[in-house]
Amino acid sequence: MDDKKQKNDKGMSRRNMLKWLAAGTISAVAGSYGWRRTMSCGKDGYSTAGVMPEIIPTDKMTYRTDPHTGKKVSLLGYGLMRLPVKEGANPNSDEVDQDMVNKLVDYAIAHGINYFDTAHPYHKGMSQIAIGKALKKYPRDKFFLATKMPTPHMPTLEQAKEIFEKQLRDCQVEYFDYYLLHNLQTIEVYKEIYENRGILHYLLEQKRKGRIRNLGFSFHGTRSLMEYLLNLDLQWDFVQIQCNYHDWDRGAELPAWMQQSERVPARWMYEKLTEKQIPITVMEPLLGGRLTRLSRSAIAILKQAAPEQSIASWAFRFVGSLPNILCVLSGMTYMENLQENICTFSPLQPLSEEEHKVLDKALDVFLGNRTVPCTGCQYCTPCPYGVDIPAVFAHYNKCVNEEQMPKDRMDEDYRRARRRFLIGYDRSVPELQQANRCIQCGQCVSKCPQWINIPKEMQKIDRFVEKLKLEK
Ligand code: SF4
Ligand code: SF4
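Here is what the cut-offs are and how they apply
- Position labels on residues start from 1 in each chain and follow its written sequence.
- Each chain gets a letter, beginning with A, and each ligand a number, beginning with 1, in the order they are written.
- Selection of residues for local features in this predicted model requires a pLDDT of at least 70, selection of side-chain atom pairs for listing and counting requires 80 or more, and totals for whole chains, interfaces and linings are taken over all residues.
- Side-chain measures were taken over the full set of non-hydrogen atoms in the model, leaving aside hydrogen atoms and water.
- The aromatic pairing rule takes the rings of Phe, Tyr and Trp, using the six-membered ring of Trp, and pairs them if the centres are within 6.5 Å, calling planes under 30 degrees apart stacked, those over 60 edge-to-face and the rest tilted.
- Put simply, DSSP H or I for four residues or longer makes a helix, DSSP E for two residues or longer makes a strand, and each gets a number counted from the N terminus.
- Partly exposed residues are those whose accessible area sits between 20% and 50% of the maximum for their type, while under 20% is buried and over 50% is exposed, using a 1.4 Å probe and protein chains only.
- Any Lys NZ or Arg CZ that is within 6 Å of a ring centre and within 35 degrees of that ring's normal is treated as a charge sitting over the ring.
- Nearness is defined per residue: one heavy atom within 4 Å of the molecule or strand is enough.
- Each residue is assigned to one of three groups, with Ala, Val, Leu, Ile, Met, Phe, Trp, Tyr, Cys and Pro labelled nonpolar, Asp, Glu, Lys and Arg labelled charged, and all others, Gly among them, labelled polar.
- We call two N or O atoms a polar contact when they sit within 3.5 Å, provided that within protein one can donate a hydrogen and the other can accept it, with sequence-adjacent residues counted only if both atoms are side-chain atoms.
- Only heavy atoms enter the contact rule, under which two residues are in contact if any of them lie within 4.5 Å.
- A residue's pLDDT is the predictor's confidence in that residue, given on a scale from 0 to 100.

A.B. asks: Explain the packing of aromatic side chains to me, please; I cannot follow it from the model alone.
C.D. replies: The description of an aromatic ring pair rests on the distance of the ring centres and on the angle between the ring planes. Per the stated rule, a full pass over the model turns up 19 aromatic pairs. Seen from their ring centres, Phe 164 and Tyr 202 are 6.1 Å apart, and the 90° between their planes marks the pair as edge-to-face. Of this pair, Phe 164 sits in helix 5 (residues 157-171) while Tyr 202 sits in helix 7 (residues 199-208); the two residues are 38 residues apart in sequence, bridging distant segments of the chain. On the accessibility criterion, Phe 164 (0% relative accessible area) is buried. Seen from their ring centres, Tyr 178 and Phe 238 are 5.0 Å apart, and the 85° between their planes marks the pair as edge-to-face. You can see Tyr 178 sitting in strand 6 (residues 176-184) and its partner Phe 238 sitting in strand 8 (residues 238-242), a full 60 residues away along the chain. Pairwise contacts between aromatic rings join Tyr 115, Phe 144, Tyr 178 and Phe 238 into one cluster. For Arg 140, the ring lying beneath its charged end belongs to Tyr 175, and the centroid distance is 4.0 Å.

A.B. asks: What exactly am I supposed to notice about the site of ligand 1 here?
C.D. replies: By nearness alone, every residue bordering ligand 1 is listed as Cys 383, Pro 384, Tyr 385, Ile 389, Cys 438, Ile 439, Gln 440, Cys 441, Gly 442, Cys 444 and Pro 455. Tallied by class, the residues present in the shell around ligand 1 amount to nine nonpolar, two polar and no charged.

A.B. asks: Even after reading the chapter, I still don't get the side chain of Ser 93, so can you show me in this structure?
C.D. replies: Here Ser 93 is to be found in the loop between strand 3 (76-79) and helix 3 (98-110). The exposure class of Ser 93 is buried, given its relative accessible area of 9%. A distance of 2.9 Å separates the side chain of Ser 93 from the backbone oxygen of Asn 90, its partner in a polar contact. Among the polar contacts listed, one links the side chain of Ser 93 to the backbone nitrogen of Glu 95, at a separation of 3.1 Å. Setting aside anything within four residues of it in sequence, one finds Ser 93 in contact with Val 85, His 123 and Lys 124.

A.B. asks: Would you explain the confidence of the model for the protein in this entry?
C.D. replies: Reading predicted coordinates in detail is not appropriate for stretches of low pLDDT. In this model, the protein carries a mean pLDDT of 88, and residues with pLDDT of at least 70 account for 89%. Low confidence marks residues 1-45, where pLDDT is under 50. Its contacts with residues over four positions away, or in another chain, come to 92 contacts.

And the structure:
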């Protein structure tokens, strides 16, 4: 079905499309990046969306050549962590909506996307099965499939072998184009699993057998771990890093107990890997959607510079402008997000110097509002005491970004902001899952790839809420 027909079938004329974009696409855009479709961005409806062209191009995708294989990889890659699920199901559950996945994958391929990135834990194993089904009808040389060894599961060698064989079966392939050691954080865990238990040796053997074509790792770790990995007597074929304009000079936060010199700015990693001629795949280009939910004032700066561009497209264009980026992953849950992203990358327009300055300015304004750097990845869940960690942070961040935090009691708007915060909190986080349920056990801390001190943040939010409740 061509794009024009598809839009007509949906009964959406250009005029309506524009209205839709102006009035409420925020909800859809936010949804695809891990948040509920119902999320809104302020009652006066400031928009983070852009304007899509009448026809979405099928032949303008930007490609990058993998220097190791000479093959052309689409710069936009399909991240499969947040697939559509059946009506009423939890967004992270295994109840994946296979029909919708098939439609999205068909559409992606028809518009030039050829890189698909799944992992063992996504949708409790169903992501691998779903992409296997969706890609089955395509010739094997028409797509690149990536998946990962689940480091945080601490597998033994025997378990790793079983996992790898199951991954091939689930994905219905005989080899993986890109295979990653998933979520490396510390030298100790890396050494234990991949060196002491022999799992790296096993994976290299699979590479020699042609069952892995490119071996790399995904990284959420410390500077010394990255240095260690790059100094091994081993040529990594590619590396996946968290890279976006927020982390470019700052890097993800580290826990207080860790030396701050261990913090790894994305720029530092990019330069190191480029020096070593290792191509880079990018995760979290939107920082789990946070870069689509900037503060009101930061959005205004970007919208003034380019009213027709979505807020997400600024972030994609930032990473896509870097020449050593092979592929930028985006988790696209809904057709609207896929279409919008295809437009951004077909072809990708690198940011000009002037646009870089605008983006810097918007970021400075955004950083003036302190949010919790939670990407909503859910790796910290479930909390044994029932706290819905990502939901608590999401509500708090939303109020900060919308500049609707109750601050000073002397403010005219204080009573209204206080009420709005508390009512919104009760609506978005059930009472038994709120921050006051956190007993500070610390079990979630090591699971967070953003190194957020979750118990401390929970305590802060709880105190803030209690204060608001007392101040009637
Ligand atoms: S520290 Fe709090 S949020 Fe984290 S696992 Fe323990 S009770 Fe849950
Ligand atoms: S707190 Fe950390 S682990 Fe939990 S959802 Fe947020 S970023 Fe992910």
